[in-house]
Amino acid sequence: MPSPIEEDRPLVMGVLNVTPDSFSDGGEWFQSERAIMRAHEMIAEGADVVDVGGESTRPGADPVPADEEIRRVIPVIEALAGQVRLSIDTTKPVVAEAAVGAGATLINDVSAALWPVAARCGAGWVAMHRSGTPKSMQRDPHYDDVVAEVTALLVDRAGQAAAAGVEEVWIDPGIGFGKTVEHNLALLGSVSDMVATGYPVLVGTSRKGFLGQVARSADGSVAPVAERLPASLATATWAMQEGARMVRVHDVSATVQAALLVGRPGTVPAPRSNGCSGRPEAGE
Ligand code: HH2
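A. Spatial organisation of the site of the ligand. Around the ligand, the structure places 19 residues, and the nearest of them are Ser-22, Ser-56, Thr-57, Asn-108 and Lys-208. Within the side chain of His-250, an N or O atom sits 2.7 Å from an oxygen atom of the ligand. For the ligand, whose free accessible area comes to 480 Å², the fraction covered by protein is 98%. Among the secondary structure elements, those contributing two or more residues to the shell around the ligand are strand S1 (11-17) and strand S5 (124-128).

What follows is the structure, encoded as structure tokens:
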């Protein structure tokens, strides 16, 4: 059980990429046993949610067929169910349903389109903004007003989800998804505007490319992934200070320390029973 102090802080979602090709940790946790071990480490470090993903969303990533994504994530979710709150990072309805059936209680949806699944299964839902697909999203992204456009889309989708009966709806600006460095910085600078919408806000900056471009290595070159912890922590702390209720990170222990210092009240949503009791029929 978390201590009273830990309950009184923003939440930390630990990233668990069961993939061979994720941008920062591809292949590290691809075997189920290694993924489960990593999840246990994150739980010990204080993760409130473990976000299990079987398909990389990095720019240029190849899509993964649903049956392969299910093969990657379901054994991990089944092994961890009941030990920590689990989210499924997917854009496929069939994968989301299978994951909820296996024990996930939150659907982390970078396409902001799966609210009907969340409604049907009684799961929480994260609506993340992205422009384009992983293959195309970094090809000259353009917005007239990135903050206004991202916020409007998220509020629209969140409203549709709430109207469909989803009780727990999060919004996420989708840092790095079809955005330039300037777009990402503008969105980070406007976290408090998103918080003002009334929906709980999730922010994921961890190890992302724009951090390497802004926070350079000592020799002035773009900081490689392995050198992005300070910038990841700085931006997560900023987001929490601005009112984000949850941050999505690879480095759980360091971020939990930051969250304890920020200390803004956040409630740990109780895992709920789900209405998806098993794997869906093929083709659904
Ligand atoms: N970022 C990534 C994946 N899922 N979900 C939400 N809600 N917010 C994010 O910012 C977000 C996300 C990308 O990071 P990662 O999972 O580490 O990489 P990859 O997509 O290459 O597996």
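Next comes the rest of the account.
B. Layout of the environment of Arg-72. You can see Arg-72 is positioned in helix H3 (residues 66-80). You can call Arg-72 buried: its relative accessible area is 10%. A C-alpha to C-alpha distance of 9.6 Å links Arg-72 and Asn-17, two positions 55 residues apart in sequence. A distance of 2.8 Å separates a polar atom in the side chain of Arg-72 from the backbone oxygen of Gly-54. Reaching out from Arg-72, the side chain makes a polar contact with the side chain of Glu-68 at a distance of 2.8 Å.

C. Inspection of the environment of Val-95 at higher detail. Inspection of the secondary structure assignment puts Val-95 in helix H4 (residues 93-102). Classification of Val-95 by relative accessible area gives buried; the value is 0%. When the C-alpha atoms of Val-95 and Gly-54 are compared, they prove to be 9.4 Å apart, with 41 residues separating the residues in sequence. Beyond its immediate sequence surroundings of up to four residues, Val-95 is in contact with Ala-66, Glu-69, Ile-70, Val-73, Ile-88 and Thr-90.

D. Layout of the pattern of salt bridges. Summed over the entire model, instances satisfying the criterion amount to twelve salt bridges. Put simply, Arg-71 and Glu-68 hold a salt bridge, and the shortest N to O gap is 2.9 Å. On the criterion of helical spacing, the pair formed by Arg-71 and Glu-68 is a turn pair, its members being three residues apart in helix H3. Here Arg-207 ties to Asp-251 by a salt bridge, and the two come within 3.2 Å at their closest N and O atoms. Highlighted residues: Arg-207 in the loop between strand S7 (202-203) and helix H9 (209-214) and Asp-251 in the loop between strand S8 (246-249) and helix H11 (252-262), separated in sequence by 44 residues. Here Arg-207 falls in the buried class, since its relative accessible area comes to 17%. Through salt bridges with shared partners, a single network forms among Asp-51, Asp-89 and Arg-248.

Scoring rules and cut-offs
Residues numbered from 1 in each chain as written. Predicted model: local features only at pLDDT ≥ 70, side-chain atom pairs only at ≥ 80, totals over all residues. Heavy atoms only, no water. Near = heavy atom within 4 Å. Polar contact = N/O pair within 3.5 Å; in protein donor to acceptor, adjacent residues only side chain to side chain. Areas by Shrake-Rupley, 256 points an atom, 1.4 Å probe, with all protein chains shown as cover. Helix = DSSP H or I, 4+ residues; strand = E, 2+ residues; numbered from the N terminus. Buried < 20%, exposed > 50% of the residue type's maximum accessible area, 1.4 Å probe, protein only. Contact = heavy atoms within 4.5 Å. Salt bridge = Lys/Arg side-chain N within 4 Å of Asp/Glu carboxyl O.

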